Amino acid sequence: MTLYGLGVFCAVYALAVASPGPGVAAVVARSLARGAQGAPAFIAGFVVGDLVWFTVAATGLAAIAQTAQPVILALKYVGAAYLLYLAIRLWTAPPRSVEAAAIEPSQKSSRLFIGSLALTFGNPKTMVFFLALLPTVVDLTQLTVTGFVEIAVAITIVLPLVLGGYVLAGARARQFFRSTRAIRWLNRGTGTAMAGAAAAVAAS
């Protein structure tokens, strides 16, 4: 794969990752509520999910994926249910200061990973990019093993950088909320955003 072609893919992919959607909403809402705590495991689920979708598109399994609609539908609802679970936890969480939240036990990394992985598999934005838009950016019929590895590496670099930027922005914005009242409304606001993302996934 040429350096130019790889650069085009990285640019288009970065825009796709950064565009508003359930995944971005989940990352932002969680960062506003918990800061950067658990972010690596949460983002890792998105990375693995995107790598799976890329493999499906690059190896010609898109047609098979279309026949596995019941599985994809189930994963979509699992992802939506996970977002709703996070939304409820945010709504019911007692308001804690930034310092207290930083030292409280974090969610299990495996649970965060599985949740974001399920969300990626059922996210229509991700499916549309890899199954419909990717072939317009990369000639998959001419993709070599080396090109496949190059794009896979690009995904593992670009996605964490983009979502990591959202995490840092959300964690920094949280620093401005100091009073108990402000933190309570922050939790409820991010919970509402998370519930909206769950509804968007379930309705898509």
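Keep in mind that this is a model prediction, so the values were computed, not measured.

**A look at the overall build of the chain**
For the chain, the count of helices and strands is 10 helices and 0 strands. Looking at the chain as a whole, 43% of its 204 residues are labelled buried. In the chain, of all internal contacts separated by at least 6 residues, the share reaching a separation of at least 24 is 88%. Surface summary for the chain: the accessible area is close to 10,000 Å², and the carbon and sulfur share equals 73%.

**Focus: helix H3 (residues 39-58)**
Residues spaced three or four apart along an α-helix face the same direction, because each turn holds 3.6 residues. With 20 residues, H3 extends 28 Å between its outermost C-alpha atoms, agreeing within 8% with the 28 Å of an ideal straight helix rising 1.5 Å per residue. A large share of H3 lies buried, amounting to 14 of its 20 residues. Immediately downstream of H3, the backbone of Gly60 shows phi near 75°, a positive value.

**So, a nonpolar patch on the surface**
A contiguous nonpolar patch, built from Val145, Val149, Val153, Ile157 and Leu161 and spanning about 480 Å² of accessible area, is present on the exposed surface. Here Leu161 is to be found in helix H9 (residues 145-174).

**What about the side chain of Ser31?**
Among the secondary structure elements, Ser31 is positioned in helix H2 (residues 22-34). Polar side-chain contacts of Ser31 include one of 2.7 Å to the backbone oxygen of Val27. Apart from the residues within four sequence positions on either side, Ser31 is in contact with Tyr166, Val167, Gly170, Ala171 and Arg174.

**Examining the confidence of the model for the chain**
Mean pLDDT over the chain: 77, with 73% of residues reaching 70 or higher. Contacts for the low-pLDDT stretch residues 97-105, under 50 throughout, to residues beyond four places or in other chains number 17 contacts.

**What to know about the environment of Ala41**
Counting through the fold element by element, Ala41 comes out in helix H3. Owing to a relative accessible area of 15%, Ala41 belongs among the buried residues under this scheme.

Parameters at a glance
In this convention, every chain numbers its residues from 1, walking through the sequence in written order. Reporting of local features is limited, given that this is a predicted model, to residues whose pLDDT is at least 70; pairs of side-chain atoms are given and counted only at 80 or more, and all residues count toward the totals for whole chains, interfaces and linings. Excluding hydrogens and water, the side-chain values take into account all heavy atoms of the structure. Secondary structure elements follow DSSP: runs of H or I of four or more residues count as helices, runs of E of two or more count as strands, with numbering from the N terminus. Exposure is judged per residue with a 1.4 Å probe applied to protein chains only, and the accessible area is read against the type maximum: over 50% gives exposed, under 20% gives buried, and values in between give partly exposed. We call two residues contacting when some pair of their heavy atoms lies within 4.5 Å. Where accessible areas are quoted, they stem from the Shrake-Rupley method and a 1.4 Å probe; at the residue level, only the protein chains shown are allowed to cover. The span expected for a helix works out to 1.5 Å for each residue beyond the first. Each patch groups residues whose relative accessible area exceeds 30% and which form no salt bridge, using 9 Å between like charges and 5 Å between nonpolar side chains of Val, Leu, Ile, Met, Phe, Trp and Tyr. The working definition used for a salt bridge is a side-chain nitrogen of Lys or Arg within 4 Å of a carboxyl oxygen of Asp or Glu. Counted as a polar contact is a pair of N or O atoms within 3.5 Å, where, for protein atoms, one must be capable of donating a hydrogen and the other of accepting one, and residues adjacent in sequence contribute only when both atoms are in side chains. The predictor's confidence in any single residue is recorded as pLDDT, a number from 0 to 100.

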